[in-house]
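Given next are the chains, with one letter for each unit.
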Amino acid sequence: MPVFSITGDVDPFLHVSLAKGEKIYCESNAMVMMETNLELKGKMTGGIGAALMRTFANGESFFQQHIEAMRGDGDCLLSPTLPGAMRVLEVGAQQYMISDGAFVAASAGVELKVRTQSLGNALFAQSGGFFITETAGSGQLAVSGFGAMSILEVTPGKDVVIDNSHVVCWDNRLQYEISMTTGSSGGFLGNLINSQTSGEGVVLKFSGTGKIIVCSRNRAAFLAWTQSKPA
């Protein structure tokens with residue numbers, strides 16, 4: 001099985017070692033360097049239907065990069081689009097839900113499936129709208145977050161509320177719901193006003209048992225800040 005590891009302290013690379021015959025796939029333009037034993041091709045992962053779903057529902061690339069060790073063992077370096085940290089997760093016994101833009105790469109045994117979520121979650125979500133990405137199969141998965149990343153543990157009786165823009169991925173065993181406020185009452189209008197005045201926007205409430213990976217930076221807020229500055 002390909003070996004994933006993170007190398008570098010600031011804006012690190014994903015280093016992947018492949019034995020002859022092994023292959024991985026990654027987000028478009030993620031490849032930085034590969035040894036000559038490896039071969040890169042652009043492919044529609046999961047067929048045209050799955051590729052269209054990922055593109056229109058989740059904003060992922062229609063064609064992904066597939067890297068295979070055709071002529072012998074080889075290494076490659078990959079990098080996410082946005083600056084920030086990465087994590088390598090083991091998929092198999094545990095599966096994950098992935099926010100838009102967080103996927104970097106996966107071994108060939110990991111499948112990214114697009115499934116629907118509830119109407120209430122879809123109306124306020126920025127992670128797929130009516131659709132969200134979930135892993136299946138087994139292998140290694142690399143995800144990235146804008147800025148630093150941290151793992152939060154959720155246990156029964158200790159629910160957590162997280163700003164939607166800071167969520168990278170989470171255990172699919174966790175229950176989650178999306179709202180516009182951290183409050184528990186106040187009605188739709190009250191929640192909307194509180195959301196605007198608190199600056200929190202959309203939040204996700206998680207319960208159950210499992211882990212959540214969060215990042216320190218908000219992509220939308222950072223982009224809005226850069227656009228507000230004079231040239």
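Above this text you will find the structure in question.
First, a word on scope: everything that follows refers to the structure included in this document. (Residues numbered from 1 in each chain as written. Predicted model: local features only at pLDDT ≥ 70, side-chain atom pairs only at ≥ 80, totals over all residues. Heavy atoms only, no water.)

Attention shifts here to the overall build of the protein chain. A tally of regular secondary structure across the protein chain gives four helices and 19 strands. A separation of at least 24 residues holds for 78% of the contacts in the protein chain among residues at least 6 apart in sequence. Accessible area of the protein chain: about 11500 Å², with a carbon and sulfur share of 56%. (Helix = DSSP H or I, 4+ residues; strand = E, 2+ residues; numbered from the N terminus. Contact = heavy atoms within 4.5 Å. Areas by Shrake-Rupley, 256 points an atom, 1.4 Å probe, with all protein chains shown as cover.)

Side chains that differ in sign of charge can pair as their charged atoms come close. Applying the stated rule across the entire model yields three salt bridges. Across the salt bridge formed by E39 and K41, the nearest N and O atoms sit 3.4 Å from each other. The exposure class of K41 is partly exposed, given its relative accessible area of 41%. For R173, the salt bridge is made with D171, and the minimal N-O distance between the two is 2.8 Å. Taking the relative accessible area as the measure of exposure, R173 reaches 47% and is therefore partly exposed. A cluster of three or more residues bridged by salt bridges with shared partners is formed by E39, K41 and R71. (Salt bridge = Lys/Arg side-chain N within 4 Å of Asp/Glu carboxyl O. Buried < 20%, exposed > 50% of the residue type's maximum accessible area, 1.4 Å probe, protein only.)

Going through the model one piece at a time under the given rule, you end up with two cavities of 30 Å³ or more. In this model, the largest cavity occupies a volume close to 60 Å³. Those elements that provide at least two residues to the lining of the largest cavity are β3 (23-26), β5 (38-43) and β6 (64-69). Here the lining of the largest cavity is built from residues that sort into three nonpolar, one polar and five charged. (1 Å grid on protein atoms, 1.4 Å probe; cavity = no way out; pocket = protein on both sides within 12 Å on 5 of 7 lines; lining within 4 Å. Points joined across faces, edges and corners; volume = space filled by probe spheres on them. Nonpolar A, V, L, I, M, F, W, Y, C, P; charged D, E, K, R; others polar.)

Taken together, the side chains of F13, V32 and M33 make up a nonpolar region of the molecular surface, amounting to roughly 230 Å² of accessible area. The residue F13 is located in strand β2 (residues 13-18) in this model. Residue classification places F13 among the partly exposed positions, given a relative accessible area of 34%. (Patch = residues over 30% accessible without salt bridge, like charges linked within 9 Å, V, L, I, M, F, W, Y side chains within 5 Å.)

The strand order across the open sheet formed by three strands is β15-β18-β17, and the pairing between neighbours is antiparallel. The sheet terminates laterally at β15 (160-163) and β17 (175-179), the two strands that pair on one side only. Neighbouring strand axes in the sheet, compared pairwise and without regard to direction, differ in orientation by 25 degrees on average. Note that β15 and strand β18 (residues 203-207) share four bridges and pair antiparallel. Directly across from V161, in β18, lies its bridge partner K205. (Pairing = 2+ DSSP bridges. Axes fitted to C-alpha atoms, helices over the stretch in contact; angles between N-to-C directions.)

On to the packing of aromatic side chains. Evaluated as defined, the whole model comprises four aromatic pairs. With a centroid separation of 5.1 Å and an interplanar angle of 65 degrees, the aromatic rings of W170 and Y176 are classed as edge-to-face. You can call W170 buried: its relative accessible area is 0%. Through a chain of ring-to-ring contacts, the aromatic side chains of W170, Y176 and F206 assemble into a single cluster. (Phe/Tyr/Trp six-rings, centres within 6.5 Å; stacked < 30°, edge-to-face > 60°.)

Of all the five residues making up strand β10 (residues 103-107), five are buried; the element is thus mostly covered by neighbouring parts of the structure. In the sheet, β3 pairs with β10 via three bridges, with the strands oriented antiparallel. Directly across from C26, in β10, lies its bridge partner A105.

This part covers the nonpolar core. Counting 17 residues, the largest nonpolar core has L89, L141, V143, V168 and C169 as the members making the most contacts within it. Those elements giving two or more residues to this core turn out to be β8 (86-91), β9 (96-98), β10, β11 (110-116), β13 (139-144), β16 (167-171) and β19 (210-215). Apart from residues lying up to four places away in sequence, L89 is in contact with Y96, G139, Q140, L141, V143, C169, K211 and I213. Grouped together as the second largest cluster of nonpolar side chains are 16 residues, L14, V16, A30 and V104 included. (Core = buried A, V, L, I, M, F, W, Y, C linked by side-chain atoms within 4.5 Å.)

So, on to the environment of T81. Position of T81 relative to the elements: it lies in the loop between β7 (74-78) and β8. Classification of T81 as exposed rests on a relative accessible area of 77%. Along the chain, T81 and A102 lie 21 residues apart, while their C-alpha atoms are 9.5 Å from each other.

Functional significance is not addressed by these values, which are geometric in nature.
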